[in-house]
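These are the residues of each chain, in order.
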Amino acid sequence: MSLAVIGMIAGMALGFAGYFGGFGAFLLVAALGAVGFVAGRFLEGDMDIGDFFRARDDRRR
């Protein structure tokens, strides 16, 4: 599945949540989507848990 299709599905889910559940549901779906995205990147190996806790001066360039 391409990233465009995944983005479209996520946008539609946010739209439905905003329409039927209001702004609170929209924020909840957006926050849970962000958590799921980070968890997926972590499980795929694209992201290291140290990326969140490393100091700015210690970043690799």
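Residues numbered from 1 in each chain as written. Predicted model: local features only at pLDDT ≥ 70, side-chain atom pairs only at ≥ 80, totals over all residues. Heavy atoms only, no water.

Would you take a moment to explain the overall build of the chain for this structure?
The helix and strand inventory of the chain stands at two helices and zero strands. Per-residue burial over the chain gives 2% buried out of 61 residues. When the accessible surface of the chain is split by element, carbon and sulfur atoms take 67% of a total near 5400 Å². (Helix = DSSP H or I, 4+ residues; strand = E, 2+ residues; numbered from the N terminus. Buried < 20%, exposed > 50% of the residue type's maximum accessible area, 1.4 Å probe, protein only. Areas by Shrake-Rupley, 256 points an atom, 1.4 Å probe, with all protein chains shown as cover.)

How do you make sense of the packing of aromatic side chains when you look at a structure like this?
The geometry of an aromatic ring pair is captured by two quantities: the separation of the ring centres and the angle between the planes. Considering all chains together, one arrives at three aromatic pairs under this definition. Aromatic side chains Phe 16 and Phe 20 sit 6.0 Å apart centroid to centroid with 10 degrees between the ring planes, which places their arrangement in the stacked category. Highlighted residues: Phe 16 and Phe 20, both in helix H1 (residues 3–44), separated by four residues, approximately one helical turn. Given a relative accessible area of 62%, Phe 20 falls into the exposed group. Between the aromatic rings of Phe 23 and Phe 26, the centroid separation amounts to 6.1 Å while the plane-to-plane angle is 20 degrees, which identifies the pairing as stacked. Taken together, the residues Phe 23 and Phe 26, both in helix H1 and three residues apart, mark about one turn of the helix. Accessibility expressed as a relative area gives 59% for Phe 23, which makes it exposed. By relative accessible area, Phe 26 is classed as partly exposed at 30%. Put simply, the rings of Phe 16, Tyr 19 and Phe 20 touch in pairs and so form one group of aromatic residues. (Phe/Tyr/Trp six-rings, centres within 6.5 Å; stacked < 30°, edge-to-face > 60°.)

Hey, could you run me through the layout of surface pockets in this one?
To find leftover empty space, a probe the size of one water molecule is rolled over the atoms. Considering only enclosed or pocket space, the largest pocket measures out at about 430 Å³ in volume. Residue lining of the largest pocket: 14 residues in total, with Ile 6, Ala 10, Gly 33, Gly 36 and Phe 37 positioned closest to the centre. (1 Å grid on protein atoms, 1.4 Å probe; cavity = no way out; pocket = protein on both sides within 12 Å on 5 of 7 lines; lining within 4 Å. Points joined across faces, edges and corners; volume = space filled by probe spheres on them.)

Even after reading the chapter, I still don't get H1, so can you show me in this structure?
Along an α-helix, residues three or four apart share an orientation, since each turn contains 3.6 residues. Taking 1.5 Å as the rise per residue, H1 with 42 residues should run 62 Å; its terminal C-alpha atoms sit only 15 Å apart, a clear shortfall. Of all the bends in H1, the greatest, near 145 degrees, is centred on Gly 21. Where H1 ends, the next residue or the one after it, Gly 45, has phi of about 90 degrees, a positive value. (Expected span 1.5 Å × (residues − 1). Bend = angle between axes of the 7 residues up to and from the residue.)

None of the figures reported here should be taken as evidence of function without further support.
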